[in-house]
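Single-letter residue listing:
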Amino acid sequence: MAERTGAEAGAETVPGERENGEGDGGCAGAVPVVSLGDGWEGDGGAGRRPEDEAGRGVVVAFGQTLKTLRVREGLEREEFGRRLGYSASTIASFEQGRRIPTPRTIERADEVLGAGGLLCLWKEQVERAQYPVFFQGMAVLEKEAVELVSYDTLVVKGLLQTEEYMRALLGMRRPVLDPETIEQRVAARLARQDIFGRWPAPLLSFVMDESVLRRPYGGKDVLRGQLEHLLLMGQKPNVVIQIMPLSSEESAGVDGPFTIVTLKDGKKFVYAEAQGTSALQTDPEQTTLTAARYGIIRSQALTARESLTFIEGVLGSL
């Protein structure tokens, strides 16, 4: 698998995107890419890196536009925030590029300020700016996926995390993350969870080791809330959650966690992280083998019904 580092990795055209940044889902001729940067899903990296500055510029420019339109309308931050459901300090954070608003917030701001769609033009760019450069390709793939399957061994998958669990993980990072970066990453991860409300609904399958359920990151209350959330998500008709028990004597997942995304044209992509290294695998042979491996992992894990019962048991023991 080809490897690129530093600026070269950051400049690589990401599978699923054109060079102008528009996702088209096409990956003919794509080559395997490894981007070395701060881990995203497992929170294993070193915080904001230089390659994120392009996204930072987008957010700052959006904030300046937002402020200009607000001032033009003669609205103070307090009043503007009240209409959007935010405090004046949060509006200041949006305008100064320190926090990233959700697409719905941008739409509402456009309406309140009578911007005529000007702010809405920023939605896609601002949304992409939430993620490190190396993860933007994966974020695009998640939004286009007809199927997403994942195996996790250390933490609950980002798509399934509660906000409290996210903050607990991000607060454990070393080197320590600054508060603005933590807020940005929480907002970005929550935004990704829109995948559960999409229609047509993608097929989502998650297998996680039992140890993930028992690690009290952030304390028992945080873990209790996370387990309750898993039980709720496991009730969705398009979501399957399975547990690989510690008592299992066989596991095809010994090489570690990974995620497989399948697009509507059948193309598969494998994303993995380890110790700050993030890999997006596009080689057809390797993605096919990884998909087969996931099938074996699922067969070795508890069934979906057994897994929900198992989670209830862990929750009851807290």
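Reading the values: the criteria
- Residues numbered from 1 in each chain as written.
- Predicted model: local features only at pLDDT ≥ 70, side-chain atom pairs only at ≥ 80, totals over all residues.
- Heavy atoms only, no water.
- Helix = DSSP H or I, 4+ residues; strand = E, 2+ residues; numbered from the N terminus.
- Buried < 20%, exposed > 50% of the residue type's maximum accessible area, 1.4 Å probe, protein only.
- Contact = heavy atoms within 4.5 Å.
- Areas by Shrake-Rupley, 256 points an atom, 1.4 Å probe, with all protein chains shown as cover.
- Pairing = 2+ DSSP bridges.
- Phe/Tyr/Trp six-rings, centres within 6.5 Å; stacked < 30°, edge-to-face > 60°.
- Salt bridge = Lys/Arg side-chain N within 4 Å of Asp/Glu carboxyl O.

Asks: Break down the overall build of the chain for me, with residues and values.
Replies: Counting its regular elements, the chain contains 13 helices and 7 strands. Within the chain, buried positions represent 50% of all 318 residues. By sequence separation, contacts in the chain at least 24 residues apart represent 73% of the contacts at least 6 residues apart. Surface exposure of the chain reaches about 14,900 Å², of which carbon and sulfur atoms provide 52%.

Asks: Before we move on, can you summarise the environment of Ala88 with the specific residues and values?
Replies: By the secondary structure assignment, Ala88 is in helix H4 (residues 88-95). Taking the relative accessible area as the measure of exposure, Ala88 reaches 22% and is therefore partly exposed. Separated by 10 residues in the primary sequence, Ala88 and Glu78 place their C-alpha atoms 4.7 Å from one another. Sequence-distant contacts of Ala88, defined by excluding residues within four places in its chain, comprise Arg77 and Glu78.

Asks: Go over the pairing of strand E7 (residues 277-281), please, and point to the residues and values.
Replies: Within E7, 4 of the 5 residues are buried, leaving the element largely enclosed by the surrounding structure. As paired elements, strand E6 (residues 268-274) and E7 share 5 bridges and run antiparallel to each other. Pairing of Ala274 across the sheet is with Thr277, part of E7.

Asks: Could you give an account of the packing of aromatic side chains, with specific residues and numbers?
Replies: Scanning all chains against the criterion turns up 5 aromatic pairs. Here Tyr165 and Tyr217 contribute two aromatic rings whose centre-to-centre distance is 6.1 Å and whose plane-to-plane angle is 70°, an arrangement assigned as edge-to-face. Placement of Tyr165 in helix H8 (residues 163-171) and of Tyr217 in the loop between helix H10 (210-214) and helix H11 (220-233) is noted, with a sequence separation of 52 residues between them. For the pair formed by Tyr165 and Tyr217, the shared burial category is buried. Here Phe258 and Tyr294 contribute two aromatic rings whose centre-to-centre distance is 6.2 Å and whose plane-to-plane angle is 80°, an arrangement assigned as edge-to-face.

Asks: Before we move on, can you summarise the pairing of strand E3 (residues 203-209) with the specific residues and values?
Replies: Within E3, 6 of the 7 residues are buried, which leaves the element mostly enclosed by the surrounding structure. In this sheet, E3 lies alongside strand E2 (residues 147-152) in parallel orientation, the contact comprising 6 bridges. Its bridge partner lying in E3, Tyr151 is registered against Val207. Taken together, the 6 bridges between E3 and strand E4 (residues 239-244) define a ladder with parallel strand orientation.

Asks: So, the pattern of salt bridges: which residues are in play, and what are the values?
Replies: Counted by the stated rule, this structure contains 15 salt bridges. Notably, a salt bridge pairs Arg82 with Glu79, separated by 2.7 Å at the nearest N-O pair. Pair noted here: Arg82 and Glu79 are both in helix H3 (residues 77-84), with a separation of 3 residues, about one helical turn. The class of Arg82 is exposed, set by a relative accessible area of 57%. When its relative accessible area of 25% is taken as the criterion, Glu79 is described as partly exposed. Glu111 is the partner of Arg108 in a salt bridge, and the nearest nitrogen-oxygen pair spans 3.2 Å. With a gap of 3 residues between them, Arg108 and Glu111 both fall in helix H5 (residues 103-112), about one helical turn apart.

Asks: So what about unusual backbone geometry? Which residues, and what values?
Replies: The residue after Arg174, namely Pro175, is reached through a cis peptide bond having omega 0°. Note that the residue after Trp199, namely Pro200, is joined by a cis bond; omega there is 0°. Along the chain, Pro200 turns up in the loop between helix H9 (179-192) and E3.

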